[in-house]
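Observations on chain architecture
One letter stands for each residue in the lines below.
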Amino acid sequence: MGERMRVGLLGCGNVGSAVVRMLHDHAEEIARRSGTEIEIVRIGVRDPRRPRDVPVDSDRFTADLRALVADRDVDVIVELLGGVEPARSLMLAAFSGGKPVVTANKELLASHSLELFRAAAEGGVDVLYEASVGGGIPLIRPLREGLAGDRIGRFMGIVNGTTNYVLTRMAEEGLDLDEAVAEAQSLGYAEADPSADIDGHDAAAKAAILATIAFDLPVVASDVYREGIREVSAEDIAYARGLGYTVKLLVIGESDDGEVSVRVYPAMIPSEHPLASVRESFNAVYLEGQKVGPLMLYGRGAGGDPTATSVVGDLIELARNRVAGLGYGAPLVAHTPERPRGRIKPIEELSAQYYILLRVADRPGVLAAIAGSFAEHDVSIKSVRQEGHGDQAQLVLITHRAAEGSLRACVRDLGGLEPVQSVMSVLRVEAAEP
Ligand SMILES: NC(=O)c1ccc[n+]([C@@H]2O[C@H](COP(=O)([O-])OP(=O)(O)OC[C@H]3O[C@@H](n4cnc5c(N)ncnc54)[C@H](OP(=O)(O)O)[C@@H]3O)[C@@H](O)[C@H]2O)c1
């Protein structure tokens, strides 16, 4: 058994306290598998005097996070504070002091990954972040290691449990968005201010991290095209089901010969697609590799205990590398995308299928006028169905694959056509036509 690894923990909230408990409860297995004991020697929080239900002496808590990072009795930092500052400055201080960092901070990674990766490389140490995407689901390590020899052409994922819960309740109980969000809040699945989830910011951060690793290209959250689920109605979900589709908030990354597209939006997927069966707060990422083919990783995308599993897995990797004499700058996990290859495509260059819901006048000639508008913009209609009559008439259209720019121009023109009372929804349809 090598010398014990001494951890300084920043943050002891949902995830931090679960990490403390896991290291305590599974201490024997963890020591056996790491080849060394992993011990939490300091814990940094806002209020060190507040009683906390964790198996650790109260004198290990401190509010002086800088001193914790600089402490000579701390070998490794685990950052579970969340947010950009002070997490960023503390991580940079750890790297310059030669200490590796394990973090779950998607917000920070999705905005400052290059700065952090460079600082870690300069400090000769590693930064591990398995918990930053998909909570307890191993995603980063499979991409960086098991799949490192393949070329990932596409990933599609459900990485936000709150919105997946909301969409599941809308689909299965016919709730509208506000009712489903209120229910998610009462169960603790959604924050009092749910906008980071509902508007797709959380998913965009995770999409940026996944794309950075999958495509060796530094992608930040602001590079990700983003639409949330606010505009999705119970009606859209019901029509989708009738047509054989399920509506999900998807993160999608595609790479084609160095042209990379990364986006987040609610989309219809065929109900038989593996992602369609991912219900409630579960997460999954579906990958397509050139050699491996399709692959799906599924599990709990949030929660203290699942997320702690990923954090502790990263700690065990650091411990093993040290026991193996590799120190903390293990070349095994070098991943800085220093030489980016490729270009991030704007959304206008997307080609997709679309679902369009129109409220229309119910009289002869309407369909011909609408079809004319589609033809003019080179968008070909795959199916069209009328629902309701008279004042309630609606047209549900699905297109074949079309250019996003053409589709947008077509929708603009449809809105101005005399028999079209309103364009009620437009959603993309993914994974249906090649
Ligand atoms: N919760 C999840 O399911 C989940 C899943 C995946 C990833 N993550 C990520 O994991 C990280 C931690 O999330 P969490 O849910 O555990 O957060 P949390 O429950 O809010 O806990 C945050 C902890 O950090 C401390 N803290 C925050 N800002 C601080 C500051 N400026 N100075 C000193 N202490 C500070 C807090 O101290 P006090 O206790 O004294 O207030 C608290 O102990 C975030 O990056 C989050 O995105 C969370």
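Everything here concerns the structure above.
Residues numbered from 1 in each chain as written. Predicted model: local features only at pLDDT ≥ 70, side-chain atom pairs only at ≥ 80, totals over all residues. Heavy atoms only, no water.

1. Overview of the pattern of salt bridges
Here is the rule we go by: Any Lys or Arg side-chain nitrogen found within 4 Å of a carboxyl oxygen on Asp or Glu counts as a salt bridge. We count a stretch as a helix when DSSP gives it H or I for four or more residues in a row; a strand needs E for two or more, and each element gets its number in order from the N terminus. Burial classes follow relative accessibility: with a 1.4 Å probe on protein chains only, a residue under 20% of its type's maximum area counts as buried, one over 50% as exposed, and anything between as partly exposed.
Counted under the stated rule, the structure contains 32 salt bridges. With a shortest N-O distance of 1.9 Å, Glu39 and Arg4 are connected by a salt bridge. Here the residue Glu39 occupies a position in strand β2 (residues 38-44), and Arg4 occupies one in the segment before β1 (5-10), the gap between them amounting to 35 residues. Exposure remark for Glu39: the relative accessible area of 24% places this residue in the partly exposed category.

2. Some words on helix α2 (residues 27-34)
Applicable threshold: Comment: arc refers to directions from the helix axis out to C-beta atoms. The contact criterion used is simple: two residues touch if any of their non-hydrogen atoms lie within 4.5 Å.
Among all positions in α2, only Ile30, Ala31 and Ser34 are buried. Projected down its long axis, α2 carries its buried residues within an arc of 95°, all on one side. Across from the buried face of α2, at angles greater than 90 degrees, the exposed residues are Glu28, Arg32 and Arg33. Buried residues in α2 make contact with α1 (14-25), β2 and α12 (304-323).

3. Some details on the nonpolar core
Quick reminder of the rule: Take the buried residues of types Ala, Val, Leu, Ile, Met, Phe, Trp, Tyr and Cys, join any two whose side-chain atoms come within 4.5 Å, and each joined set is a nonpolar core.
In this structure, Met5, Val19, Ile38, Phe95, Phe155, Leu315 and Tyr355 are the most contacted members of the largest nonpolar core, which totals 111 residues. The element that contributes the greatest number of residues to this core is helix α10 (residues 201-215), accounting for eleven residues. Those residues within four positions of Val19 in sequence are excluded, and the remaining contacts are Ile40, Leu80, Ala308, Val311 and Val312. With 32 residues, the next largest nonpolar core counts Tyr265, Ala284, Ile370 and Val420 among its residues.

4. So, unusual backbone geometry
The amide bond that connects Glu85 to the next residue, Pro86, takes the cis arrangement and shows omega of 10°. Relative to the helices and strands, Pro86 is located in the loop between β4 (76-79) and α4 (87-96). At Asp216, a position not held by glycine, the phi torsion is positive, near 50°. On the accessibility criterion, Asp216 (41% relative accessible area) is partly exposed. The residue Glu280 is not glycine, and still its phi comes out positive at about 50°. Here Glu280 lies in the loop between β10 (259-270) and β11 (282-289).

5. Overview of the sheet that holds β2
Strands pair in a sheet through their backbones, by hydrogen bonds, and they do so in one of two ways: parallel or antiparallel. Note the threshold: Whether two strands pair comes down to DSSP finding at least two bridges between them. Note on definitions: angles span 0 to 180 degrees between N-to-C directions of axes, and those axes are lines fitted to C-alpha atoms, for helices only across the stretch in contact.
Taken in spatial order, the six strands of this open sheet run β3-β2-β1-β4-β5-β6, and their pairing is parallel. Looking along the sheet, the strands with just one partner apiece sit at the ends: β3 (61-62) and β6 (127-128). In this structure, β1 lies alongside β4, joined through four bridges in parallel fashion. Across the sheet, the residue bridging to Leu9 is Val78, located in β4. Packed onto the sheet, α1 meets β1 and β2 and runs at close to 155° relative to β2.

6. With respect to the packing of aromatic side chains
Test applied: Aromatic pairs are defined between Phe, Tyr and Trp rings, using the six-membered ring for Trp, whenever the two ring centres lie within 6.5 Å; interplanar angles under 30 degrees are classed as stacked, those over 60 as edge-to-face, and all others as tilted. Only Lys NZ and Arg CZ are tested; either one counts as a charge over a ring when it is within 6 Å of the ring centre and within 35 degrees of the ring normal.
If you walk through the whole model with that rule in mind, you get four aromatic pairs. Ring centres of Phe155 and Phe215 lie 5.7 Å apart, and the angle between their planes is 20°; on these two criteria the pair is classed as stacked. Of this pair, Phe155 sits in strand β7 (residues 152-158) while Phe215 sits in helix α10, placing them 60 residues apart in sequence. Side by side, Phe155 and Phe215 carry an identical accessibility label, which is buried. Above the face of the Tyr265 ring, Arg428 is positioned so that its terminal group lies 4.2 Å from the ring centre.

7. Some words on the environment of Arg322
Selection criterion: Polar contacts here mean pairs of N or O atoms no more than 3.5 Å apart (in protein, one a potential hydrogen donor and the other a potential acceptor; neighbouring residues in sequence count only if both atoms are side-chain atoms).
One can find Arg322 in helix α12. Arg322 gets classed as partly exposed once you look at its relative accessible area, which sits at 23%. Remark: the alpha-carbon pair of Arg322 and Gly134, spanning 188 residues in sequence, is separated by 27 Å. Within polar-contact distance, the side chain of Arg322 engages the backbone oxygen of Glu3 at 2.8 Å.

8. Examining the site of the ligand
Put simply, the test is: For each residue, the test is whether any non-hydrogen atom lies within 4 Å of the molecule or strand; if one does, the residue is near. Working definition of accessibility: Shrake-Rupley area with a 1.4 Å probe, residue cover restricted to the visible protein chains. For this scheme, ten residues count as nonpolar: Ala, Val, Leu, Ile, Met, Phe, Trp, Tyr, Cys and Pro. Four count as charged, namely Asp, Glu, Lys and Arg, and the remainder, Gly too, count as polar.
For the ligand, the set of nearby residues contains 22 residues, the closest of which are Cys12, Val15, Arg50, Arg52 and Gly303. A distance of 2.8 Å is found between an oxygen atom of the ligand and a backbone nitrogen or oxygen belonging to Cys12. Within the contact set of the ligand, an oxygen atom lies 2.8 Å away from a backbone nitrogen or oxygen of Val15. When the ligand sits alone it has 900 Å² of accessible area, and the protein chains cover 77% of it. Its residues assigned to classes, the shell around the ligand shows ten nonpolar, seven polar and five charged.

9. Looking at the environment of Leu65
Here Leu65 shows up in helix α3 (residues 65-70). Leu65 sits in the buried class, given a relative accessible area of 14%. The spatial distance from the C-alpha of Leu65 to the C-alpha of Leu10 is 7.1 Å, given a sequence separation of 55 residues.

10. Quick notes on the pairing of strand β12 (residues 293-300)
Relative to β12, β11 runs antiparallel, the two being bridged by eight bridges. Paired with Asn283 across the strands is Gly299, a residue of β12. Between β11 and β12, which pair antiparallel in sequence order, lie three residues.

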